[in-house]
Amino acid sequence: MLLLEQLLNGLQYSALLFLLASGLTLIFGIMGVINLAHGAFYMVGAFCAAHTAIASGSFWLGGLAALAGAALYGLVIETGIIRRLYNRDHLDQVLATLAVVFFSNELITLLFGRSPPAMPTPDWYNTFVEVLPGLMYPVSRLLFIGAGLLVALGMWLLINHTRLGMLIRAGADDHEMVGALGVNISRLYTLVFVFGCVLCGLAGFMAAPLLSVEIGMGEKVLITTFVVIVVGGVGSVRGALVGALMIGMVDSLGRAYIPQLLDQLLPAEVSGALSAGLISASAYIVMALVLLVRPRGLLPARA
Amino acid sequence: MSRRLIIDLACLATFALMPLVAALCNEPFLVSLFTRLAIYGMAAASLDLLIGYGAMVSFGHAAFFGLGGYVVGIIAFHSSQAMPLWGWEGSNSALVVWPLALLCCALLGLVMGYLSLRTSGVQFIMITLAFSQMLYFILGSLSLYGGDDGILMNERNTLPGLDLNDANQFYYLCVGLLVVWLLFCRRLVGSRFGFVLRGLKQSERRTVSLGLKPLRYRLTTFVIAGLGAGLAGLLWANYALFVSPDMGAWQKSGELMAMVILGGVGTLLGPVLGAAVYLGLEQLLSLWTEHWLLIFGPLLLLVVLFGRQGIYGLLMARQRPRKPSAQPAPVATTREVHP
C-alpha cells in the first residue's frame, strides 16, 4: 500500500516536471536556447493564480489568471530578450536568462511582497477519493496527475497530427529550410515560446495550493527540470515524458526507501545524515549515470 | 608600453595601494572589500581558463570553491572541538590544511572532469551542474557540520612569518596569490599546452588529426581550474571564518560565469575586473535599495547582449583608431559558436 501511494506521489511529481520540461525541451529543440528563466514563468503563474484567487474568491479564475499571466510575461520576454539570443552561444544564453531570473524574482517581490500567499481552494478540492480499496488519495493530487496526462496526450496530438505540429517538427529539423519555404519562422518561435510559458502557468496554478508560493520556487524546480530533459534527450517531448517519469519516481521512491535501506546497512548516526543527502542528490546521480551510458540522453530528438 | 602592460600595472597598483588609501580615508572597510575582490577574481579567472581557452562551459565551478572552503572548515571544526577525525586531531597550520584542501579539489576535478568530458555542449553544461548540485546537497546533509547552516570557524589558519588575523597581511597574501595565479595561467595558455588547448577549441577534428589526445589536455585544464577555484574557496573560508553549502550552490557558479562575461572571456585579467565590477555594483546598489537585482539583472543583460568583449575588451579596444594595423583584441578571435 505504501508502495502504491509512493507511486502515485511520484506520478504527481512527474506531472509537474513534465509540464515544465515539455515546454523547455521544445524551446531548446527548436530555437536552441538554454532558458534558465523557464522557472520564472512557473513562479509568475503561481503568484497570479494565488493572488487572483484571493482577490476574486474563485479557484478557476485563479487558473485563468495563471495561464494569462505566464503567457503575457512570456510574450514580453521573448520579443524583448530571448529573440536576440537565438544565434548566440550557450554561455551568452545562460547568462542572459540568468539575468532574467534575477530581474523576475525582484519584480515579483516588488509587486506582491515577500510573504507567501495562501491559495484558497474550494471544498471538493480538499477531499479524498478511494482510488483502490483501502487507499484514500487526495483529489488535489489526482487532479495534478490528470492535468499531466491530458497535456501529454494533447502534446502528442498537437505535434503529430496538426499543421502547427508539423511546422514544429520541421523547425526542429532545419529551421532555415522552413523559413525558406515561406513560413514566418519568428512568429513560430514566439508561438512555441509562449506555448511553453502557458504550460508553466498551468504547472504554477496546479502547484500553488500544494506547494508554497514563494520567490525562488522557480529555480528550485527548474534545475530538476533540466535534469529531466537531459536524461530524456534534449529537444524530444517523448524524452521529456520518460525523463519526468523516471526522475519523479526515483525521487518519490527514494524518499520512501533510501532511509530504510541505509538504516539496515550502516550505523544509525551515519545513515541518517547520508540518506538525507542521497535523497536530494538522487536525481543528479541518475542523470550522471544516464549520461555516462548514453551521452545524448535516453531518447534524443535527432539520432 | 603596450596597452596590455599598462592595464596590468594599473590593476596591480590599485590592488597594492589599496590598504594605504583605506588608511588615508579611514575606511578599513575598503581592505575587506578588496580582499573579497581578490578571492573572487581568482575563482573567476580559473573559470575563464575553462570557458575562454578550453571551450568548456562549466556550470559547476562553484563546487571547487565550496569544497576548498569546506575542507578548511571541517578541519577547523575538528581541531576546535578536540574531536579527532579518523584518529588525526586536526591542525591549524595553513601549510598542512591548504595542501590538503587543494588535494581534495584536485581529486574532485579528476573525477568530475573525467566523467563530464564524455559529453560536450549543453550536456556538458548540465552534467557539471549536476555534479556541483550533488556536492551541494551532500554538504547540506552533513548534520555534524551544521547542515544547511554551515560551519562557523573560530580563527584563521596560521602561516609562519605572517599574521593572517591582521587584515592587511591577509589582504596582501590574497593579492599575492592572485598575482601568482594569473601569471601562472598566462604562462600556461602561452605554452605548447595552451596552444593545443586553443587548437582544440577552434577545431577539435583538426587538432586530433595532428595526433593529439583531447581528453588529456582538457582534463588537465579542468583539474588546474578546479585548483584555482579551490584555492579561492579556502581563502574565502579564512576570510569569512564561515563556510556553508551556498558556497557550492548553482547560483555561485552563475555568479562566476557572470564575472567572466562581464570582464571579457578569454582574457584572464578581465574576469578579475569583472569580479570587481560585479561585487562593487552589488555593494553599491544594495546600499541604495534592497531590490538591487532589479537594476543589476537588466545591466547584466545589456552586457551580455551588446558588450561582447567585456570590460577588458573595452579597455583594449581604444587603441584601435590610433594603430589601424594593430591586432584586434584577443577576445574577438577566440569566440566561436558551438556547432
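Residues numbered from 1 in each chain as written. Chains lettered and ligands numbered in written order. Predicted model: local features only at pLDDT ≥ 70, side-chain atom pairs only at ≥ 80, totals over all residues.

## What about the packing of helix α2 (residues 29-54) of chain B against helix α9 (residues 214-240) of chain B?
Residue and element names in this part refer to chain B.
Stage number 1. Two elements in contact, α2 and α9, have axes whose closest approach is 9 Å; the angle formed by their N-to-C orientations is 170°. With respect to their mutual orientation, α2 and α9 come out roughly antiparallel. The segment α2 lies against α9, with T35, I39, Y40, M42, A43, A45, S46, L47, L49, L50 and G54 engaging R218, T221, F222, I224, A225, G228, A229, L231, A232, L235, W236 and Y239.
Stage number 2. Of the residues in the contact of α2 with α9, the class split is 17 nonpolar, five polar and one charged. (Axes fitted to C-alpha atoms, helices over the stretch in contact; angles between N-to-C directions. Helix = DSSP H or I, 4+ residues; strand = E, 2+ residues; numbered from the N terminus. Parallel < 35°, antiparallel > 145°, perpendicular 65-115°, else oblique. Contact = placed C-beta atoms within 7 Å. Nonpolar A, V, L, I, M, F, W, Y, C, P; charged D, E, K, R; others polar.)

## Topic: the interface of chain B and chain A
Stage number 1. The interface is formed by 40 residues belonging to chain B together with 39 residues belonging to chain A.
Stage number 2. When residues of the side of chain B that touches chain A are traced back to their parent elements, those giving at least two are α5 (122-140), α10 (250-263) and α12 (293-306) of chain B.
Stage number 3. Broken down by element, the residue count for the side of chain B that touches chain A peaks at 13 residues, all from α5(B).
Stage number 4. Split by residue class, the side of chain B that touches chain A holds 29 nonpolar, 10 polar and one charged.

## Some details on the packing of helix α1 (residues 2-31) of chain A against helix α10 (residues 237-265) of chain A
Residues and elements named next belong to chain A.
Stage number 1. Contact geometry of α1 with α10 gives a least axis separation of 7 Å together with a crossing angle of 145°. α10 is crossed by α1, and the crossing has right-handed handedness.
Stage number 2. For the contact of α1 with α10, the per-class residue count stands at 16 nonpolar, 10 polar and one charged. (Left-handed = near helix turned anticlockwise from the far one by under 90°.)

## Digging into the pairing of strand β1 (residues 128-132) of chain A
Residues and elements named next belong to chain A.
Stage number 1. Among the five residues in β1, zero count as buried, and that is only a small part of the element.
Stage number 2. Where β1 meets strand β2 (residues 135-138), four bridges bridge the pair, whose relative direction is antiparallel. Counted as the bridge partner of E130 is M136 from β2.
Stage number 3. From the end of β1 to the start of β2, which pair antiparallel, there are two residues, and G134 there has a positive phi angle of about 90°. (Buried ≥ 20, exposed ≤ 12 C-beta atoms within 10 Å, placed from the backbone. Pairing = 2+ DSSP bridges.)

## Details of the confidence of the model for chain B
Residues and elements named next belong to chain B.
Stage number 1. Averaged over all residues, the pLDDT of chain B equals 85, while 92% of them reach at least 70.
Stage number 2. Considering each helix and strand of chain B separately, the mean pLDDT is smallest for helix α14 (residues 330-334), with a value of 42, and largest for α9, with 94.
Stage number 3. Scored by ipTM, the complex comes to 0.80, with pTM at 0.85. (pLDDT = per-residue confidence, 0-100.)

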